[in-house]
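# Coordinate inspection notes
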Amino acid sequence: MTISQAAGILPAIIFPAATLAQLLRMIRHRSTAGVSAATWLLFGVANLAIYVYAERYAEWQAIVGMLLTALLDFIIVGVALVGFRAEANHAEDGKSHSAAAGVARGAVLSARH
């Protein structure tokens, strides 16, 4: 094993582990608050580009460290986009319920006077 192959082991473990940690947090908390889909999309594109640039197509360190991480990046983008829509819909539902409750309270107060 060469020094460059050995040096590739650390990022091959850290990059997908860190990315998986973000994905698991989103799933566990059922929230995408603070997650930028654009940032994770760019990370995914960068991981694909560095895989091509490194030209180490058959080495497991490159496959796990770059391609697996890119796949996880794109999964985060998908979850973030779906989560943003779901959270936005939930926020809109809350606003409409609040507005309806406000109108109802106003009608009750008007009837009392």
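Everything below is about the structure printed above this text.
Predicted model, so just to flag it, every value in this text is computed and none were measured. (Residues numbered from 1 in each chain as written. Predicted model: local features only at pLDDT ≥ 70, side-chain atom pairs only at ≥ 80, totals over all residues. Heavy atoms only, no water.)

## Brief notes about the nonpolar core
Counting 9 residues, the largest nonpolar core is built from L23, M26, V35, A37, W40, L72, I76, V77 and A80. Secondary structure elements with two or more residues in this core: α1 (3-29), α2 (37-54) and α3 (60-112). Examining the composition of this core, we find that 4 residues originate from one element, α3, more than from any other. If sequence neighbours within four positions are ignored, L23 has contacts with L72, I75, I76 and V79. (Core = buried A, V, L, I, M, F, W, Y, C linked by side-chain atoms within 4.5 Å. Buried < 20%, exposed > 50% of the residue type's maximum accessible area, 1.4 Å probe, protein only. Helix = DSSP H or I, 4+ residues; strand = E, 2+ residues; numbered from the N terminus. Contact = heavy atoms within 4.5 Å.)

## A word on unusual backbone geometry
Its identity is not glycine, yet R30 carries a phi of approximately 50°, on the positive side. By the element assignment, R30 lies in the loop between α1 and α2.

## What about the layout of surface pockets?
Its boundaries defined by the atoms lining it, the largest pocket holds a volume of some 160 Å³. Lining the largest pocket are 14 residues, and of these G8, P11, Q61, A62 and M66 sit closest to its centre. Elements with a contribution of two residues or more to the lining of the largest pocket: α1 and α3. With 7 residues, the top contributor of residues to the lining of the largest pocket is α1. The residue makeup of the lining of the largest pocket, split by class, is 7 nonpolar, 5 polar and 2 charged. (1 Å grid on protein atoms, 1.4 Å probe; cavity = no way out; pocket = protein on both sides within 12 Å on 5 of 7 lines; lining within 4 Å. Points joined across faces, edges and corners; volume = space filled by probe spheres on them. Nonpolar A, V, L, I, M, F, W, Y, C, P; charged D, E, K, R; others polar.)

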